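Here is how the chains run, residue by residue.
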Amino acid sequence: MLAVLSPGQGSQKPGFLTPWLDLSGTEARLRWWSALSGVDLVHLGTAADADEIKDTARTQPLLVAASLLAAEHLPMHDVGLTAGHSVGELAAAALAGVLPAEAAIALAGVRGREMAAACALESTGMAAVLGGNVDEVLAVIEKHGLHPANRNATGQVVAAGATEGLDKLAAEPPSGARIMRLKVAGAFHTPYMAPAEAALAAVAAGITTRAPARILLSNLDGTAVAHGPEMVQRLVRQVTAPVRWDLCMATLVDLGVTGVIELPPAGTLNNVIKREFKGSDALPELVTLNTPDDLPAARDLIARHGSAPRREPTSRLRVVVAPVAGTFAPAGGLAEGGTVEPGQVIGHVSTRQGPVDVTAHDGGLLTEWLAHHDDPVAPGQPLVRIGGHQP
């Protein structure tokens, strides 16, 4: 299986979109998206300096636009999975078919502006905690009144919160760990961003969504999300919730992903994957797509690791899929031919962290169990088919 990944804030570089403007239609597309996002994406991607493009209000729509632009030149119908880091999730959701590209750009504009505004309310920041025992790291972060905003990989936890708490963390780090302050505007992915979450929710409520056409992972818990409205809720919630990129990478392994393309500005996520799985059979073949010159390598990777689109209309048949890897157990009293109500729990997946409920988002007849009691399941694996009326 092949995965396409969209990077998040901090991956941008001055002028990184310049070579893409040589492709026909790119500049016009960026000008249209600039009108939707409220920032000049052409200028930001070509002429702006590093200080200008690290502004949260500008960076977020710029990164989403970059991913969507590059993906237009790939045979996405052969891509099995998309995922994004932080704001990159908006691009991943659009590439999975949950959102129109225009909606992703508009939401990125709102998200960036509102998060920048929230940063201005209090003196906050972020710091990377590198190394140390993860349990001790989390305990020390909590001790100083901070939040684990990002858990990117083994030995990489990002703490966020009040500047005073970050100063204490630097003075009293966990044993075996070093602290690196990050040059960011504030405490992203923490309760300090609550005003931004509320503002984004108000806009996102008006968006029409569709079920993803391919596996789409969520930063909240690394699970595969099969329902469009649920993904939008997760995108909104993720403004104040930690980014669990470590769990997303674990899901890539669980699904047997063998090839990964990182969209521009590429490198950050692929480097994390390289470090996490160095020397392991789980390390996929990686392509960093930064300029149009990288497109042949990306297309070749898709040809070798991608898969043809499935002909079974799973979204119309409303197949419920496993949200995580583990062992499946159907809910008691449910049998083929029975009625399932919207929102009903149809079973759970047992994981090392505990059971995770599996919910039917649409009602109808339970026409067929696709997994049975104690069956091992992977994220995105079909569990039950629900027939009857179409949603």
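A quick note: this is a predicted structure, and the numbers were derived from the prediction, not measured. (Residues numbered from 1 in each chain as written. Predicted model: local features only at pLDDT ≥ 70, side-chain atom pairs only at ≥ 80, totals over all residues. Heavy atoms only, no water.)

Before going further, it helps to examine the overall build of the protein. Regarding its fold elements, the protein presents 14 helices and 17 strands. The C-alpha atoms of the protein give a radius of gyration of 21 Å, which matches the 21 Å a tight globule of 391 residues would have. Dimensions of the protein, computed from C-alpha atoms along their principal axes, come out at roughly 60 × 55 × 45 Å. By residue count, 51% of the 391 residues in the protein fall in the buried class. Residue pairs in contact within the protein that sit at least 24 positions apart in sequence constitute 72% of those at least 6 positions apart. Accessible surface for the protein amounts to roughly 16400 Å². Of this, 52% is attributable to carbon and sulfur atoms. (Helix = DSSP H or I, 4+ residues; strand = E, 2+ residues; numbered from the N terminus. Rg over C-alpha atoms; globule rule 2.2 N^0.38 Å. Buried < 20%, exposed > 50% of the residue type's maximum accessible area, 1.4 Å probe, protein only. Contact = heavy atoms within 4.5 Å. Areas by Shrake-Rupley, 256 points an atom, 1.4 Å probe, with all protein chains shown as cover.)

To continue, consider the domain arrangement of the protein. By convention, interface size is frequently given as the accessible area that disappears when the constituent parts associate. Domains assigned within the protein are domain 1 (2-118 + 190-305), domain 2 (120-182) and domain 3 (317-387). For the pair domain 1 and domain 3, the summed buried area comes to about 700 Å², and 71% of that belongs to carbon and sulfur atoms. When residues of domain 1 are sorted by the area they lose upon contact with domain 3, T223, A224 and H227 head the list and together hold 49% of the total. For the pair domain 1 and domain 3, the interface holds zero salt bridges. On inspection of domain 1 and its partner domain 3, the count reaches one residue pair in polar contact (both at pLDDT 80 or more). Looking at the side of domain 1 that touches domain 3 residue by residue, the classes come out as four nonpolar, three polar and two charged. (Domains from an automatic or database assignment. Buried area = accessible area lost by both parts, 1.4 Å probe. Salt bridge = Lys/Arg side-chain N within 4 Å of Asp/Glu carboxyl O. Polar contact = N/O pair within 3.5 Å; in protein donor to acceptor, adjacent residues only side chain to side chain. Nonpolar A, V, L, I, M, F, W, Y, C, P; charged D, E, K, R; others polar.)

Spatially, four strands are ordered 14-13-11-16 in an open sheet, and the strand pairing comes out antiparallel. Lying at the two open borders of the sheet, with one neighbouring strand each, are strand 14 (354-359) and strand 16 (375-377). For this sheet, the mean angle separating the axes of adjacent strands, direction not counted, is 35 degrees. Summarising the sheet, strand 11 (residues 326-330) and strand 16 pair through three bridges and their orientation is antiparallel. Bridge pairing in strand 16 links F328 to D375. (Pairing = 2+ DSSP bridges. Axes fitted to C-alpha atoms, helices over the stretch in contact; angles between N-to-C directions.)

Time to look at helix 5 (residues 88-95). Taking burial as the measure, the eight residues of helix 5 include eight buried ones, the bulk of the element. Among the residues of helix 5, those classed as buried are G88, E89, L90, A91, A92, A93, A94 and L95. Contacts made by the buried residues of helix 5 are with strand 1 (2-6), helix 4 (56-71), strand 2 (81-84), helix 6 (101-119), strand 7 (215-216) and helix 10 (228-237). Downstream of helix 5 by a residue or two, G97 has a phi angle that is positive, lying close to 95 degrees.

Another point: the environment of I261. Assignment of secondary structure puts I261 in strand 8 (residues 259-262). Expressed as a C-alpha distance, the spacing of I261 and G15, which sit 246 residues apart in the sequence, is 21 Å. Every residue in contact with I261, bar those within four places of it in the chain, is listed here: L2, A3, V4, L5, V287, L289, A298, L301 and I302.

Right, let's talk about the layout of surface pockets for a bit. In this structure, the second largest pocket encloses a volume near 890 Å³. Lining the second largest pocket are 34 residues; nearest its centre among them are Q9, G10, S11, L182 and V184. Secondary structure elements with two or more residues in the lining of the second largest pocket: helix 4, helix 6, strand 3 (124-131), strand 4 (147-153), strand 5 (156-162), strand 6 (177-182) and helix 12 (268-277). Counting residues per element, the lining of the second largest pocket draws most heavily on helix 12, which supplies four residues. Split by residue class, the lining of the second largest pocket holds 15 nonpolar, 14 polar and five charged. When residues of the lining of the second largest pocket are assigned to domains, at least three map to each of domain 1 (2-118 + 190-305) and domain 2 (120-182). (1 Å grid on protein atoms, 1.4 Å probe; cavity = no way out; pocket = protein on both sides within 12 Å on 5 of 7 lines; lining within 4 Å. Points joined across faces, edges and corners; volume = space filled by probe spheres on them.)

This part covers the nonpolar core. One finds V64, L68, L90, L99 and I261 to be the most contacted residues of the largest nonpolar core, which totals 70 residues. The next biggest cluster of nonpolar side chains, apart from the first, holds 21 residues, and it includes A83, I215, L217 and V272. (Core = buried A, V, L, I, M, F, W, Y, C linked by side-chain atoms within 4.5 Å.)

The description of two packed helices rests on the angle between their axes and on the distance between the axes. At a closest axis distance of 11 Å, the pairing of helix 1 (residues 26-37) and helix 4 adopts a crossing angle of 145 degrees. Seen along the crossing, helix 1 lies across helix 4 with a hand that is right-handed. When helix 1 is examined against helix 4, the residues T26, R29, L30, W33 and S37 are found in contact with a partner set consisting of P61, A65, L68 and L69. (Left-handed = near helix turned anticlockwise from the far one by under 90°.)

Attention now moves to the environment of G132. Among the secondary structure elements, G132 is positioned in the loop between strand 3 and helix 7 (134-143). On the basis of relative accessible area, G132 is assigned to the partly exposed category, the value being 35%. Once you skip the residues sitting within four places of it in the chain, G132 turns out to touch V137, S175, G176 and A177.

On to unusual backbone geometry, then. A cis amide bond links P264 with the next residue in sequence, P265, at an omega value of -5 degrees. Structurally, P265 is set in the loop between strand 8 and helix 12. For S86, which is not glycine, the phi dihedral falls at a positive 55 degrees. Positionally, S86 belongs in the loop between strand 2 and helix 5. Owing to a relative accessible area of 10%, S86 belongs among the buried residues under this scheme.

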